[in-house]
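Notes for the structure review
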Amino acid sequence: MAKAANKAHPGVKSAVRIVVAGDRGTGKSSLIVTAVSETFPSSVPPVLPPTRMPDDFYPDRVPITIIDTSSKVEDAGKVAEELKRADAVVLTYACDRPETLDRLSTFWLPELRQIEVKVPVIVVGCKLDLRDENQQVSLEQVMSPIMQQFREIETCIECSAFKHIQIPEVFYYAQKAVLHPTGPLFDQESQTLKPRCVRALKRIFILCDLDRDGALSDAELNEFQVKCFNAPLQPSEIVGVKRVVEEKLPGGGANDMGVNDRGLTLTGFLFLHALFIEKGRLETTWTVLRKFGYNNDIKLSDELIPTFKLAPDQSAELTSEAVEYLRNIYELFESDGDNNLRPAELEDIFSTAPENPWDEPPYKDAAEKTALGGLSANAFLSEWALMTLLDPSKAVENLIYIGYSGDPSAAVRLTRRRRLDRKKQQSDRNVFQCFVFGPKKSGKSALVNSFIGRPFYDSYAPTAEEIYAVNVVDLPGGIKKTLVLREIPDDGVKKLLSNKESLASCDIAVFVYDSSDQSSWKRATELLVDVASHGEDTGYEVPCLIVAAKDDLNSFPMAIQESTRVSQDMGIEAPIPISSKMGDTNNVFRRIVTAAEHPHLSIPETEAGRSRKQYNRLVNHSLMFVSVGAAVAIVGLAAYRVYAARKNSSG
């Protein structure tokens, strides 16, 4: 099932740089010279210049450059710089000097960690011919404790440059560790495929299972072989592959059979790859992965993921075709038809992605959960809308992982710029982002939680970092829009506004205050002025609404008068009273979306902004008079010249 394929694939290095380091006198330079020239040198310089091996020296035909390093203390900085540029590191010790072996674990390996060199390490025992025959110890016995402590060690080997023992193998293993690393694929301790490798191979299996019957038929297996290795399997070879799998996985149940009457199952497919890796044939699995576009991190290569160039005040949304695909995915995996995608079913959807992208913030717990802890169709699509808004390339990447076969770059549409929306006095967006500001204990979090159906809690928990919540909002006429709430901690406002473009991605801002606390109102109005001023200064003005939270409590004295004055002065709506505790949100989320749909309204005007507009109007008015005056003067001058010319001619 595996014949060599030397074609370059995305994510494969076009050249390998190997740095050789170790204590003085451990045979570094002799090792390099003998490997390249196949002749043991009678003498070598202290440090060799960079040495390039012939391109065809090894089957992968990838150029190798070997860097020798100095053992002098004064050259430590230069050695560290070389190590940081390495694709792989060869650490040498002398087989006849045990203290040089000890130095690997006491100095060299800790040093690599200290300078953050995160590449495969090959440990090489040189001068094997000089080791005391009375102190013969197996390499495994010597190296096992060190390899347990330092997992970055890919392999260990002993060699002799003088006797030409295992010299080519040293750099073959080093190159192989770069081109076909074990670490991403296989867990040496548990002797199993790593989760990300399993998930990638599962996706490949599904892509190759053209009739979707859960098994690779002989024809599908042969097509897979040709795609990956450019050579078909003979019928006898297919029989042989199946026999190996059947012998090892006889299967007591339907899920653990390696082969069934329809062909090779996913269990059998994964078993074969584990077998290849155990036998040291990592290049087989890597060839398969790379043929399907995976890089060394077992993720799709960057070349396969479209990037989207957005203006600061543009946003990204999934197209209707992509949304329809996701609806179908939801219905396919939501087995009961009860509009409740269970956590296990969600995991199954993302089982062909490197990991579930919604397991981490800001996506984790950002959507409303059903009573059974699952996701409704609206919540599922809302999470995708949030991911597309925040990271469109990541959204498209995950679409590909879960089987989207359309043009990835056409799965996302870029919206019109918000600045243009304001001029047109309308927005055609389907997804709106609302920044939620407010002082501590104002009820911001309670508002955000109520949006995604979380219960109200009396106990106060300060918001330490930004939190997102996303849901579908129903509008009159059966229209649905997706609203993203982004809660900004009070402590984070200054940092947010230090960025000129911080409001560019904001469709509408909401300012929440505790209606029973005058100091909360005062701070909320300060935030409103800060945000409005920032918008006026940068050109990224946003509609704003004020929310009077905790309406179940008595308002502070003069609350109505003060809020009316501020609303009128700044030209925005009066505060919207809500009580999260009583479950009375007063249609606030619908009102937020409606205001965002009309981006030219509800834009607050500060005193400074008003003065600036008046000044600009005055200047423009003056310029108009100057222009009219100049025009009159020019016309008058022209008329005089005509008059003078006529007078002269008549005279």
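Per chain, the residues get numbers from 1 upward, laid out in the order the sequence is written. pLDDT decides what is reported in this predicted model: residues at 70 or higher carry local features, side-chain atom pairs at 80 or more are listed and counted, and totals for whole chains, interfaces and linings draw on all residues regardless. Calculated side-chain values reflect all of the structure's heavy atoms, with hydrogen atoms and water omitted.

Put simply, the rule reads: UniProt positions are given in the numbering used here, feature names are shortened, and annotations may be inferred rather than shown by experiment.
Per an unreviewed UniProt entry, the protein chain is named Mitochondrial Rho GTPase, and its organism is Salix koriyanagi. Taken verbatim from the UniProt record of the protein chain, the Subcellular location (unreviewed entry) comment is "Mitochondrion outer membrane". Of the protein chain, the UniProt comment under Sequence similarities (unreviewed entry) reads exactly: "Belongs to the mitochondrial Rho GTPase family."

Observations concerning the pattern of salt bridges
Counted only if it meets this: One side-chain nitrogen of Lys or Arg within 4 Å of one carboxyl oxygen of Asp or Glu is enough to make a salt bridge. For the exposure calls, accessible area comes from a 1.4 Å probe over protein chains only, and a residue counts as buried if that area is under 20% of its type's maximum, exposed if over 50%, partly exposed in between.
Counted under the stated rule, the structure contains 32 salt bridges. Residues aspartate 421 and arginine 429 are paired through a salt bridge, measuring 3.3 Å at the closest nitrogen-oxygen approach. The pair aspartate 421 / arginine 429 is uniform in exposure class, with both members buried. Among the ionic contacts, a cluster of salt bridges with common partners joins Arg416, Arg418, Asp421, Arg429 and Asp507.

A look at the UniProt feature "domain: Miro" (unreviewed entry) in the protein chain
To keep things clear, this is the line we draw: Each helix is a run of H or I in the DSSP string that is no shorter than four residues. Each strand is a run of E no shorter than two, and both are numbered from the N terminus.
Under the feature "domain: Miro" (unreviewed entry), the UniProt entry names residues 13-180 and 429-598. Helix makes up 33% of residues 429-598 and strand 24%, with an end-to-end C-alpha separation of 11 Å.

What about the pairing of strand E14 (residues 431-437)?
Here is the rule: Here, a strand pair is defined by DSSP locating no fewer than two bridges between the strands.
E14 sits mainly inside the fold: seven of its seven residues count as buried. Residue alternation in E14 divides its side chains into two sets, Val431, Gln433, Phe435 and Phe437 and Phe432, Cys434 and Val436, and both sets are buried. In terms of strand pairing, E14 meets strand E16 (residues 479-487) through six bridges, oriented parallel. Bridging across to E16, valine 436 finds its partner in glutamate 487. Relative to strand E17 (residues 508-514), E14 runs parallel, the two sharing four bridges.

So, empty space enclosed by the protein
Going by this rule: Throughout, the protein atoms alone are placed on a 1 Å grid, and a set of points is a cavity if a 1.4 Å probe fits but cannot get out or a pocket if it is open with protein on both sides within 12 Å along at least five of seven lines; lining residues have an atom within 4 Å of a point. Grid points are joined across faces, edges and corners, and a volume is the space filled by probe spheres set on the points.
Per the stated rule, a full pass over the model turns up four cavities of 30 Å³ or more. The computed volume of the largest cavity comes to approximately 70 Å³. Taken together, 13 residues make up the lining of the largest cavity; nearest its centre are Arg418, Cys506, Asp507, Ala596 and Pro599. No other element matches the three residues that helix H15 (residues 418-424) contributes to the lining of the largest cavity.

As for the confidence of the model for the protein chain
Where we set the bar: Every residue is assigned a pLDDT by the predictor, reflecting its confidence on a scale from 0 to 100. Residues count as neighbours in contact if any of their non-hydrogen atoms are within 4.5 Å of one another.
In this model, the protein chain carries a mean pLDDT of 91, and residues with pLDDT of at least 70 account for 91%. Here residues 2-7 is modelled with pLDDT under 50, and outside its nearest four sequence neighbours on either side it reaches 17 contacts, counting other chains as well.

Points about the packing of aromatic side chains
Quick reminder of the rule: Here a Phe, Tyr or Trp ring, Trp counted by its six-membered ring, pairs with any other such ring whose centre lies within 6.5 Å, and the pair is stacked when the planes are under 30 degrees apart, edge-to-face when over 60, and tilted otherwise.
Applying the stated criterion to the full structure yields 18 aromatic pairs. Note on phenylalanine 40 and phenylalanine 162: the rings are 5.3 Å apart at their centroids and 85° apart in plane angle, and the pair reads as edge-to-face. Highlighted residues: phenylalanine 40 in the loop between helix H1 (28-37) and strand E2 (51-53) and phenylalanine 162 in the loop between strand E6 (153-158) and helix H5 (167-179), separated in sequence by 122 residues. Geometrically, the ring pair formed by tyrosine 330 and phenylalanine 380 is tilted, given 5.5 Å between the ring centres and 50° between the ring planes. A residue pair is termed long-range when its members are at least 10 positions apart, and tyrosine 330 in helix H11 (residues 320-333) and phenylalanine 380 in helix H13 (residues 377-390) qualify at 50 residues. When its relative accessible area of 4% is taken as the criterion, tyrosine 330 is described as buried. Judged by its relative accessible area of 0%, phenylalanine 380 is buried. Grouped by ring-pair contacts, the aromatic residues Tyr330, Phe350, Trp358, Phe380 and Trp384 constitute a single cluster.

Re the packing of helix H18 (residues 518-538) against helix H19 (residues 559-570)
Rules: For helices, the fitted axis covers only the stretch in contact; all axes are lines through C-alpha atoms, and the angles between them, taken along N-to-C directions, range from 0 to 180 degrees. Convention used here: angles under 35 degrees read as roughly parallel, angles over 145 as roughly antiparallel, angles from 65 to 115 as roughly perpendicular, and any remaining angle as oblique. Nonpolar residues are Ala, Val, Leu, Ile, Met, Phe, Trp, Tyr, Cys and Pro. Charged residues are Asp, Glu, Lys and Arg, and all others, Gly as well, are polar.
Between H18 and H19, the least distance of the axes is 12 Å, while the angle of their chain directions is 5°. Our classification of the angle between H18 and H19 gives roughly parallel. Between H18 and H19, the residues in contact are Gln518, Trp521, Thr525, Leu528, Val529 and Ala532 and Glu562, Ser563, Val566 and Met570, respectively. When the residues that make up the contact of H18 with H19 are grouped by side-chain class, the tally is six nonpolar, three polar and one charged.

Overview of the nonpolar core
For soluble globular proteins, the rule of thumb is that nonpolar side chains tend to be buried together. We count it as follows: By nonpolar core is meant a set of buried Ala, Val, Leu, Ile, Met, Phe, Trp, Tyr and Cys residues that side-chain atoms within 4.5 Å join together.
Counting 76 residues, the largest nonpolar core has Ile204, Phe380 and Trp384 as its most contacted members. Apart from the residues within four sequence positions on either side, phenylalanine 380 is in contact with Leu326, Ile329, Tyr330, Leu341, Leu346, Ile349, Trp358 and Leu375. Within the second largest apolar cluster, 28 residues are counted, among which are Cys506, Trp521, Ala532 and Cys544.

Things to note about the UniProt feature "domain: EF-hand" (unreviewed entry) in the protein chain
When the UniProt feature table is mapped onto this chain, "domain: EF-hand" (unreviewed entry) is found at residues 321-356. With 56% helix and 0% strand, residues 321-356 has end C-alpha atoms that lie 23 Å from one another.

Structural notes on the packing of H1 against H5
Close contact between H1 and H5 brings their axes to 8 Å; oriented N to C, the two are set at 95°. Taken together, the axis directions place H1 and H5 in an arrangement best described as roughly perpendicular. Each of Leu31, Ile32, Thr34 and Ala35 in H1 lies in contact with H5, whose residues at this interface are Ile167, Val170 and Phe171.

Regarding the sheet that holds strand E10 (residues 259-260)
A sheet is described by the order of its strands in space; here three strands give the open sequence E9-E11-E10, paired in antiparallel fashion. Whereas interior strands pair on both sides, the edge strands pair on one side only; in this sheet they are strand E9 (215-216) and E10. Taken together, the two bridges between E10 and strand E11 (residues 263-265) define a ladder with antiparallel strand orientation. Note that in E11 the partner of asparagine 260 across the bridge is glycine 263. Across the sheet, helix H9 (residues 266-278) is in contact with E9 and E11; its angle to E11 comes to roughly 75°.

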